[in-house]
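Examining the three-dimensional arrangement
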Amino acid sequence: MILTDSQWQSAQIATRVTHAGRRDKTQHGPVNPPVVRASTMLFPDVAALHAASGTRRSYARLATETTLALEQALCAAESAAACMLTPSGLSAITTTLLALLKPGDHLLMVDTAYDPTRLFCDGLLKNIGVTTTYYHPLVGADIAKWMQPNTKVIFVESPGSLTFEVQDIPAIAAVAHAHGAVVVSDSTWATPIGWSSFELGIDVSIHAATKYIVGHSDALMGAILTTEALHPVIRDTYRQLGLTIGSDDAALALRGLRTLPARLAVHRESAYKIACWLQTQPEVAEVLYPPLENARGHALWKRDFRPEYACGLMGLVFHGDITVQQVAALIDRTRLFGIGYSWGGYESLILPTAPSRYRSIDVDQWNAPMLRLHVGLEDADDLLVDLADGFADLRAMSVAAQIKAA
Ligand SMILES: *Cc1c(COP(=O)(O)O)cnc(C)c1O
């Protein structure tokens, strides 16, 4: 690392993200760590082989110079004790839950979790004898009522997938820790720099690095960031499952991470501008974007997140008289917003959503047509013009439908 210990102590996030995981400036060499394409590591003699045995230097599945650099940089970005890299965000979630839960244990899962996370709880976890209870995202300290003697993990995702509820994580963590349970967070929206996850009481912070960390829609990856205490148990399962990532992907993620603070500043500014504009459209019932002053969850977001690093993902709820066909017309008309799953790349995306399909609680709360928008790095005014064109088509369709009905 480049900085002295005291410089590291006082370094701000953008400085840490720029310098972590790089060689000392007193050594000659390239700025970035080499992309080490390797499976086998060779040892000069038997003594060296034995000396490396059991360490991460013994085999490339355990580490390369490239993957180690990415781990170090992510730890520095989120002030985590340890990092494990997985082939996807979903595998980071499933590995962590498999590591922390055994047959007979109970899991409290937020009802707004990413849908494939639910499928894992209702599938493999159930098959091995782990029970899951879905809880309301806004439950706060009342989570205590849902605790069972065998509850080992409370899983949070804040803001929630598709509906963006902000959870009271310190209140939930206090209950979890009083019962000897741990808090696992899907922190993809926050990114490693959008909040102080471990200070809020999170024990394991998971990222779909696929999104903002890679940041350019060209690789899939997950990251498990953890406290010192939980590292050994998760590492054990991670290694038994044989998880690893390739160095080429690690280099892409490292490149993405270096510009994360700068990119988020633009995503946030444009997203805020667009969210304000969307609120003025008569067909829009609600904009689900916690950084908006009048959005639900804003007070908790303001308390727990770093406002300068908010991201560009938001939801949109239409009034009940708008049809899904009209929403499709809006989506199809836009030119700058791509239609696709995922988010967090440099490009803008748009998608119709139907959260009630993936919920156990308040299933009827989200029946109006909805959208998810990822505001990318295009010029915000160009994006506004594109969305205005989309709203024009949405309106034209309603007029056409009225004429047809008359
Ligand atoms: C995309 C996503 C994931 C899964 O990431 P993959 O890399 O696609 O497996 C997990 N959680 C959230 C909130 C996501 O948006």
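A brief report on the enclosed structure follows. (Residues numbered from 1 in each chain as written. Predicted model: local features only at pLDDT ≥ 70, side-chain atom pairs only at ≥ 80, totals over all residues. Heavy atoms only, no water.)

1. Re the site of the ligand
Note the threshold: Whether a residue is near a molecule or strand depends on its heavy atoms: it is near if one of them lies within 4 Å of it. Distance and chemistry together define a polar contact, namely a pair of N or O atoms within 3.5 Å, with one atom able to donate a hydrogen and the other to accept it when in protein, and with adjacent residues in sequence counting only for side-chain atoms on both sides. A 1.4 Å probe and the Shrake-Rupley method give the accessible areas. Residues count as covered only by the protein chains that appear here. Think of a 1 Å grid over the protein atoms and nothing else: a 1.4 Å probe that fits but is trapped marks a cavity, an open set flanked by protein within 12 Å on at least five of seven lines marks a pocket, and residues with an atom within 4 Å of a point count as lining. A molecule is counted as occupying a cavity or pocket when more than half of its atoms fall within 2 Å of that pocket's grid points. The nonpolar class holds Ala, Val, Leu, Ile, Met, Phe, Trp, Tyr, Cys and Pro. Asp, Glu, Lys and Arg form the charged class, and all remaining residues, Gly among them, are polar.
Near the ligand lie 14 residues; those nearest to it are Gly89, Leu90, Asp186, Thr210 and Lys211. Interatomic distance of 2.8 Å between a backbone N/O atom of Gly89 and an oxygen atom of the ligand. At 2.5 Å from an oxygen atom of the ligand is found a side-chain nitrogen or oxygen belonging to Thr210. For the ligand, the protein covers 90% of the area, taking 380 Å² as the surface of the free molecule. A majority-of-atoms criterion places the ligand in the largest pocket. Tallied by class, the residues present in the shell around the ligand amount to six nonpolar, five polar and three charged.

2. Some details on the packing of helix 9 (residues 247-258) against helix 10 (residues 260-279)
Filter applied, for reference: Axes here mean lines fitted to C-alpha atoms, for a helix over just the part in contact, with angles spanning 0 to 180 degrees between N-to-C directions. The helix and strand labels rest on DSSP assignments: H or I over at least four residues marks a helix, E over at least two residues marks a strand, and numbering proceeds from the N terminus. Roughly parallel here means an angle under 35 degrees, roughly antiparallel means over 145, roughly perpendicular means 65 to 115, and every remaining angle is called oblique. Two residues form a contact once any of their heavy atoms are found within 4.5 Å.
Two numbers describe how helix 9 lies on helix 10: the axes approach to 5 Å, and their chain directions differ by 60°. Our classification of the angle between helix 9 and helix 10 gives oblique. On helix 10, the residues touching Gly256, Leu257 and Arg258 of helix 9 are Leu260, Pro261 and Arg263. Its residues assigned to classes, the contact of helix 9 with helix 10 shows three nonpolar, one polar and two charged.

3. Some thoughts on helix 8 (residues 231-240)
For an α-helix, 3.6 residues make a turn, and residues three or four places apart therefore share a direction. Here is the rule: The classification of residues rests on relative accessible area computed with a 1.4 Å probe and restricted to protein chains. Under 20% of the type maximum is buried, over 50% is exposed, and intermediate values are partly exposed. What the arc measures is the spread of directions leading from the helix axis to the C-beta atoms.
Here helix 8 has its buried residues at His231, Ile234, Thr237 and Tyr238. For helix 8, the buried positions fall inside an angular range of 140° around the axis, keeping them on one side. Residues of helix 8 that are buried sit in contact with strand 1 (82-86), helix 5 (89-100), strand 6 (204-208) and strand 7 (222-226). Downstream of helix 8 by one or two residues, Gly242 has phi in the positive range, about 75°.

4. Quick notes on the pattern of salt bridges
Stated precisely, the cut-off is as follows: One speaks of a salt bridge when a side-chain nitrogen belonging to Lys or Arg is within 4 Å of a carboxyl oxygen belonging to Asp or Glu.
One pass over the structure, following the stated rule, counts 13 salt bridges. Residue Lys102 pairs with Asp105 through a salt bridge whose shortest N-O separation is 3.6 Å. By relative accessible area, which is 47% here, Lys102 ends up partly exposed. Look at Asp105 and you get buried, because its relative accessible area is 5%. When the shortest N-O distance is used, the salt bridge between Asp111 and Arg118 registers 2.8 Å.

5. Let's talk about the environment of Ala396
Within the secondary structure, Ala396 sits in helix 13 (residues 380-405). Among the residues examined, Ala396 registers a relative accessible area of 42% and is labelled partly exposed. Spatially, the C-alpha atoms of Ala396 and Gln72 are 53 Å apart, while their sequence positions differ by 324 residues.

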